[in-house]
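Observations on chain architecture
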Amino acid sequence: MTHLRAAEIHDEIDGDTLHEECGVFGILGHPDAATLTALGLHALQHRGQEAAGIVTFDGKQFHTEKRMGLVGDHYTDPAVLAKLPGSISIGHTRYSTTGEVALRNVQPLFAELEVGGIAIAHNGNFTNGLTLRRQIIATGAICQSTSDTEVVLHLIARSRHSSTADRFIDAIRQMEGGYAMVAMTRTKLIAARDPIGIRPLVMGELDGKPIFCSETCALDIIGAKYIRDVENGEVIICETQPDGSIQIDARKPANQQPERLCLFEYVYFARPDSVVGGRSVYVARKNMGINLAKESPVEADVVVPVPDGGTPAALGFAQASGIPFEYGIIRNHYVGRTFIEPTQQIRAFGVKLKHSANRAMIEGKRVVLVDDSIVRGTTSLKIVQMIRDAGATEVHIRVASPMIFYPDFYGIDTPNADKLLANQYADVKAMAKYIGADSLEFLTIDGLYRAVGGEDRNNARPQFTDHYFTGDYPTRLLDKNGETAGLKLSVLASNG
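Residues numbered from 1 in each chain as written. Predicted model: local features only at pLDDT ≥ 70, side-chain atom pairs only at ≥ 80, totals over all residues. Heavy atoms only, no water.

Looking only at helices and strands, the chain has 17 helices and 23 strands in total. Split into buried and exposed, the 496 residues of the chain put 54% on the buried side. Long-range contacts, defined here as pairs at least 24 residues apart, represent 68% of the contacts in the chain between residues at least 6 apart. Surface accessibility of the chain: about 20200 Å² in total, with carbon and sulfur atoms responsible for 50%. (Helix = DSSP H or I, 4+ residues; strand = E, 2+ residues; numbered from the N terminus. Buried < 20%, exposed > 50% of the residue type's maximum accessible area, 1.4 Å probe, protein only. Contact = heavy atoms within 4.5 Å. Areas by Shrake-Rupley, 256 points an atom, 1.4 Å probe, with all protein chains shown as cover.)

Let's shift gears to the sheet that holds strand β2 (residues 22–28). A sheet is described by the order of its strands in space; here 7 strands give the open sequence β4-β3-β5-β2-β11-β10-β12, paired in antiparallel fashion. Strands at the two margins of the open sheet, each flanked by one partner only, are β4 (62–68) and β12 (225–229). Direction aside, the axes of adjacent strands within the sheet are offset by 15 degrees on average. Relative to strand β5 (residues 88–94), strand β3 (residues 51–57) is paired through 7 bridges, and the arrangement is antiparallel. Bridged to Phe57 within β5 is Ile88. Strands in contact with helix α2 (residues 33–43) are β2, β3, β5 and β10 (202–206); relative to β5, the strand with the most contacts, it is inclined by about 25 degrees. (Pairing = 2+ DSSP bridges. Axes fitted to C-alpha atoms, helices over the stretch in contact; angles between N-to-C directions.)

What follows concerns the side chain of Arg167. Checked against the element boundaries, Arg167 lands in helix α6 (residues 164–172). A distance of 3.4 Å separates a polar atom in the side chain of Arg167 from the backbone oxygen of Ala157. Dropping the residues within four chain positions of it, Arg167 is found in contact with Glu114, Val115, Ile156, Ala157, Ser159, His161 and Ser162. (Polar contact = N/O pair within 3.5 Å; in protein donor to acceptor, adjacent residues only side chain to side chain.)

The next point concerns the sheet that holds strand β9 (residues 188–193). What the 6 strands build is an open sheet, ordered β6-β7-β8-β9-β13-β14; its pairing is antiparallel. Each of the sheet's edge strands pairs with one partner strand only, and the pair in question is β6 (109–113) and β14 (246–251). Looking at each pair of strands side by side, their axes are set apart by 15 degrees on average, direction ignored. In this structure, β9 lies alongside strand β13 (residues 235–240), joined through 5 bridges in antiparallel fashion. Of the residues in β13, the one forming a bridge with Ile190 is Ile237. The sheet strands contacting helix α5 (residues 148–158) are β6, β7 (116–126) and β8 (177–184), and the helix crosses β7 at an angle near 135 degrees.

The next point concerns helix α14 (residues 428–435). Those residues of α14 that sit buried are Met431, Ala432 and Ile435. For α14, the buried positions fall inside an angular range of 100 degrees around the axis, keeping them on one side. Seen from the buried face of α14, the exposed residues on the opposite side, beyond 90 degrees, are Lys429 and Lys433. Where the residues of α14 are buried, they touch α13 (378–389), β21 (394–399) and β23 (439–442). In the segment just after α14, Gly436 is the residue with positive phi, at about 95 degrees. (Arc of directions from axis to C-beta.)

Let's shift gears to unusual backbone geometry. Here Gln107 and Pro108 are connected by a cis peptide whose omega angle stands at 0 degrees. Structurally, the position occupied by Pro108 is in the loop between β5 and β6. For the peptide bond that leads from Pro307 to Asp308, omega is -5 degrees, which places it in the cis range. A positive phi angle, close to 55 degrees, is found at Asp207, a residue other than glycine.

This part covers the packing of helix α9 (residues 281–295) against helix α10 (residues 311–321). It is the contact of α9 with α10, at a shortest axis distance of 6 Å, that shows an interaxial angle of 45 degrees. By the angle between their axes, α9 is oblique relative to α10. For α9 against α10, the interelement crossing comes out right-handed. Residues Tyr282, Arg285, Lys286, Gly289, Ile290, Leu292 and Ala293 of α9 form the contact with α10, whose participating residues are Pro312, Ala313, Leu315, Gly316, Phe317, Gln319, Ala320 and Ser321. Split into classes, the residues belonging to the contact of α9 with α10 amount to 9 nonpolar, 4 polar and 2 charged. (Parallel < 35°, antiparallel > 145°, perpendicular 65-115°, else oblique. Left-handed = near helix turned anticlockwise from the far one by under 90°. Nonpolar A, V, L, I, M, F, W, Y, C, P; charged D, E, K, R; others polar.)

What follows concerns the nonpolar core. One finds Leu263, Phe264, Tyr266 and Met288 to be the most contacted residues of the largest nonpolar core, which totals 42 residues. Those elements that provide at least two residues to this core are α8 (264–269), α9, α10, β20 (366–371), α15 (445–453) and α16 (467–470). Ranked by residues supplied to this core, first place goes to α9 with 5 residues. The contact partners of Tyr266, leaving out residues within four places of it in the chain, are Leu261, Val276, Gly277, Arg279, Val281, Ala284, Arg285, Met288, Val452 and Phe464. The next biggest cluster of nonpolar side chains, apart from the first, holds 27 residues, and it includes Ile136, Ala141, Leu153 and Met175. (Core = buried A, V, L, I, M, F, W, Y, C linked by side-chain atoms within 4.5 Å.)

Time to look at the environment of Leu443. Mapped onto the fold, Leu443 is located in the loop between β23 and α15. The spacing of Leu443 and Ser296 is 147 residues in sequence and 7.9 Å in space, taken between C-alpha atoms. Filtering out sequence-adjacent residues up to four positions away, Leu443 remains in contact with Met288, Asn291, Leu292, Glu295, Val399, Ala400, Ser401, Pro402 and Leu448.

With that settled, consider the confidence of the model for the chain. Keep in mind that low pLDDT regions are not for reading the predicted coordinates in detail. Here the chain averages 88 in pLDDT, while 88% of its residues score no lower than 70. Note on residues 1–14: pLDDT under 50 across the span, and 28 contacts to partners over four residues away in sequence or across chains. This stretch, residues 337–342, has a pLDDT under 50; its non-local contacts, to residues over four places away or in other chains, come to 18 contacts. (pLDDT = per-residue confidence, 0-100.)

Using the criterion set out here, one finds 23 salt bridges in the structure. We note a salt bridge from Asp472 to Arg260, for which the minimum N-O separation is 3.9 Å. Here Asp472 is found in the loop between α16 and α17 (478–481), whereas its partner Arg260 is found in the loop between β14 and α8, with 212 residues between them in sequence. Arg260 gets classed as buried once you look at its relative accessible area, which sits at 12%. Note that Asp466 is salt-bridged to Arg457, the shortest N-O span being 2.5 Å. Of the two residues, Asp466 and Arg457, both sit in the buried class. (Salt bridge = Lys/Arg side-chain N within 4 Å of Asp/Glu carboxyl O.)

Now for empty space enclosed by the protein. Under the criterion given, the structure shown has 2 cavities of 30 Å³ or more. Space inside the second largest cavity adds up to approximately 30 Å³. Around the second largest cavity, the lining residues are Val267, Arg285, Met288, Gly309, Ala313, Asp372 and Ala400. (1 Å grid on protein atoms, 1.4 Å probe; cavity = no way out; pocket = protein on both sides within 12 Å on 5 of 7 lines; lining within 4 Å. Points joined across faces, edges and corners; volume = space filled by probe spheres on them.)

Below is the structure:
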């Protein structure tokens, strides 16, 4: 089955959710580097399910394994891990937002440069990536992938600085957007975060060896200790010394901007057991439900989460409202991305491939469905119908985030603005009618800010990145608004 077919199925079955581009992991100086990286990527699997890659260095040469599909499908095989010797490793799990789904786009990307080999992996998007790509191609550069990461490699190669670390910093200072990045050379593990910290990146330690990863859950799975978040705009260089010790050099920008973490990390992307920006994701989501119950109360008999993202918010809603919480929808966790050819009959099954109603908890009851977000509304429509078919007398939807009006350009795969439910109807009542719900209400932007940060949104200086709700983009959108707007990348068709 081709990757195109898989994408079509995904659009049919799972196309009404937001997806983030990827997760990253890196470790320096540990004899089990590749195995620990594979475990870390497994914990970060929710950040990307299309492909995964690992690069290691064994003191003499670099080794790489890149595979389409899930981490557990490949990197649990001892034969695969045996091909990745060495005590330094970085890895990446991918969901494509830029570039086609092909093996050549799977990160980490590696290049042999004048200063030696370097591998890079990043999470997020560069908003000037196409602009810079056009510029370097015009000067004779050859690009083999459609990944933004390749542009960084070219910029490193062209830098006039002598050390790899300085070249790396020179390169990323030219990039704009939201990103968390890890890179490795023969002796160094480097981590970097975008100037305002849109994408998360944390530093940990295992047996005295430094680790960088997208979320704390990747530290937990290997028993590593959380040290701190990588600060926005910061570059941390960890280097193995001749005596085997590791020297750590943290470099911060001269004029550091206030951090503005992506709110969708708390709403949807991060795992609930992760701590992002010093805040428990689970607690934040539960607070969203509590605030939602206060802002949009409803008389009902049972609170039902839309699994799995809506569960913590539904618990909060039930706690604040006094309405009992029940698992009224059961999720099938074993639906593969390429489960079956998308015939018309399968399309008709729709959501039932992933969710089924728990009739005993629904029949004859007024149901409040709590979801984390609504994108296009097509899944909500099917779930409401499924709940009605199971005998619910009323179906009310409460959404633990504001309406999504604007697309993202920082690593979230969002539909075009005209495909978003909030832009297709005049008001919430019209949306509710389309979905088939008796009522529909969304959490306010201030309710969301209070749930995450404890205070209302500062409209003059917003504390978080929230453009999908407000249209307030925190950086320039050079590729979208500049000369490269609408530019399409030429790609060689690939079956890899």
